[in-house]
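# Structural overview for review
What follows is the residue order along each chain.
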Amino acid sequence: MIISFAVIGGILLNFGAFLTYKGKIYESVIIYLFADLCWIIMAYQKNDYWGLFFILMGVIFGFLAFKKMQSGKMQKNLTKDDNDDL
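Here is a short report on the structure shown in this document. (Residues numbered from 1 in each chain as written. Predicted model: local features only at pLDDT ≥ 70, side-chain atom pairs only at ≥ 80, totals over all residues. Heavy atoms only, no water.)

Attention now goes to the packing of aromatic side chains. Overall, the coordinates contain three aromatic pairs when judged by the stated rule. Ring centres of Trp 50 and Phe 54 lie 6.2 Å apart, and the angle between their planes is 25°; this geometry places the pair in the stacked category. Here the residue Trp 50 and the residue Phe 54 both occupy positions in helix α3 (residues 49-71), the gap between them amounting to four residues, near one helical turn. As far as the burial class goes, Trp 50 and Phe 54 line up, both exposed. Here the aromatic rings of Phe 53 and Phe 54 are separated by 5.2 Å at their centres, their planes lie at 70°, and the arrangement is edge-to-face. Assessed through its relative accessible area of 52%, Phe 54 is described here as exposed. (Phe/Tyr/Trp six-rings, centres within 6.5 Å; stacked < 30°, edge-to-face > 60°. Helix = DSSP H or I, 4+ residues; strand = E, 2+ residues; numbered from the N terminus. Buried < 20%, exposed > 50% of the residue type's maximum accessible area, 1.4 Å probe, protein only.)

Listed below in structure tokens is the structure:
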């Protein structure tokens, strides 16, 4: 049985979600980027250039979010305060 890049990417996506659940955000972002790499390869193999484009855009935004978290500039509070107007 040969495992496709879609399956590997899906497994990595689940593992990344588990790490997010455990609060290991930095590690989960890295796992998500590896999952995206699998989907990039899959899209390229299928000549799905629109899919490739949107996956690459997601990777870029994910990497920028990772750098923002790493620099400490990202809002880390996930709970809404009573003073928030959202």
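Bringing the packing of helix α1 (residues 5-21) against helix α2 (residues 25-45) into the picture now. Packing of α1 against α2 brings their axes to within 8 Å, and their N-to-C directions diverge by 165°. Taken as axis vectors, α1 and α2 run roughly antiparallel relative to one another. In this structure, the crossing between α1 and α2 has a hand that is left-handed. Taking contact as the criterion, the partners of Phe 5, Ala 6, Ile 8, Gly 9, Gly 10, Leu 12, Leu 13, Phe 15, Gly 16, Ala 17, Leu 19 and Thr 20 in α1 are, on α2, Ile 25, Glu 27, Ser 28, Ile 31, Tyr 32, Phe 34, Ala 35, Cys 38, Trp 39, Ile 41, Met 42 and Gln 45. (Axes fitted to C-alpha atoms, helices over the stretch in contact; angles between N-to-C directions. Parallel < 35°, antiparallel > 145°, perpendicular 65-115°, else oblique. Left-handed = near helix turned anticlockwise from the far one by under 90°. Contact = heavy atoms within 4.5 Å.)

By the secondary structure assignment, Ser 28 is in helix α2. Residue Ser 28 is classed as buried on the basis of its relative accessible area of 2%. With residues near it in sequence (within four places) discarded, Ser 28 still touches Gly 16, Leu 19 and Thr 20.

Let's shift gears to unusual backbone geometry. Phi is positive for Asn 47, which is not a glycine, with a value near 55°. Mapped onto the secondary structure, Asn 47 falls in the loop between α2 and α3. Since its relative accessible area comes to 52%, Asn 47 is described here as exposed.

In this section: the nonpolar core. By size, the foremost hydrophobic cluster in this structure holds five residues: Leu 12, Leu 19, Ile 31, Ala 35 and Cys 38. Elements with a contribution of two residues or more to this core: α1 and α2. In terms of residues, this core owes the most to one element, α2, which gives three residues. The contact partners of Ile 31, leaving out residues within four places of it in the chain, are Leu 12, Phe 15, Gly 16 and Leu 19. (Core = buried A, V, L, I, M, F, W, Y, C linked by side-chain atoms within 4.5 Å.)

A rise of 1.5 Å per residue sets the reference length of α3, with its 23 residues, at 33 Å; its end C-alpha atoms lie 33 Å apart and thus fit the reference within 8%. Of the surrounding elements, those touching the buried residues of α3 are α2. (Expected span 1.5 Å × (residues − 1).)

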